[in-house]
Amino acid sequence: MKEYNNKKTSIVYPDNVIDCSVIIGHFVLIRENNHIAKNVRIGSYTEIAHDTDIGKNVNIHSGCFIPEFTIIMKNCWIGPHVTFVMTYTHKPGGNIEKVLLLSQMLLLVQIQLLWQESK
């Protein structure tokens, strides 16, 4: 594991691969078996479940929830208090079907509503 900036109030489980220049805020929980690429920022009070893959240059703001088996591609910006909703089928030893489109659609609807309210 390379060096990363972790606040003493955060919990990072073992068996994570965390690249350099990762900044982890206060009271963050990162479960096991995740890969977090370089230059990622994780805001305070965020929870990252197990077996996720977070690409480089991702900015996750405060209060987010990233469920298990989520893949976040490089250069993404995730606003405050976003909860990804993911349904999947998982059988031990079998394949995992991920449905992230639902999460993206819900996020776009939330952004549209906030934009319309601000007019």
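Only a predicted model underlies this, so the values are computations on that prediction, with no experimental measurement involved.

If you walk across this open sheet you meet the five strands as β1-β4-β7-β10-β13, and the pairing is parallel. In the strand order of this sheet, the two ends are held by β1 (5-6) and β13 (77-78), each with one partner. Direction of pairing for strand β10 (residues 59-60) relative to β13: parallel, over a ladder of two bridges. If you follow Ile60 over to β13, its bridge partner there is Ile78.

This next bit is on the nonpolar core. Core analysis: the largest hydrophobic core is formed by 18 residues, its most contacted members being Ile36, Ile42, Ile54, Ile60 and Ile78. If sequence neighbours within four positions are ignored, Ile60 has contacts with Arg41, Ile42, Gly43, Thr46, Ile48, Ile54 and Ile78.

Another aspect to go through is the sheet that holds strand β12 (residues 71-72). With parallel pairing, the four strands of this open sheet are ordered in space as β3-β6-β9-β12. Two strands lie at the open edges of the sheet, namely β3 (17-18) and β12, each paired on one side alone. Alignment of strand β6 (residues 35-36) against strand β9 (residues 53-54), held across two bridges, turns out to be parallel. From the neighbouring strand, His35 faces β9, where its bridge partner is Asp53.

Conventions and cut-offs
What you see as residue numbers is a count from 1 along each chain, following the sequence as written. Local features in this predicted model are restricted to residues whose pLDDT is 70 or higher, and side-chain atom pairs enter the listing and the counts only when it is 80 or higher, whereas totals over whole chains, interfaces and linings include all residues. Each side-chain value is worked out from all heavy atoms of the structure, with water and hydrogens disregarded. Paired strands, in this sense, are two strands between which DSSP finds at least two bridges. Secondary structure elements follow DSSP: runs of H or I of four or more residues count as helices, runs of E of two or more count as strands, with numbering from the N terminus. By nonpolar core is meant a set of buried Ala, Val, Leu, Ile, Met, Phe, Trp, Tyr and Cys residues that side-chain atoms within 4.5 Å join together. Buried residues are those whose accessible area, probed at 1.4 Å on protein chains only, stays under 20% of the maximum for their type, while exposed residues exceed 50% and partly exposed ones sit between those limits. By definition in these notes, contact holds between two residues if any of their heavy atoms fall within 4.5 Å.

By themselves, these are just geometric observations and shouldn't be taken as functional.
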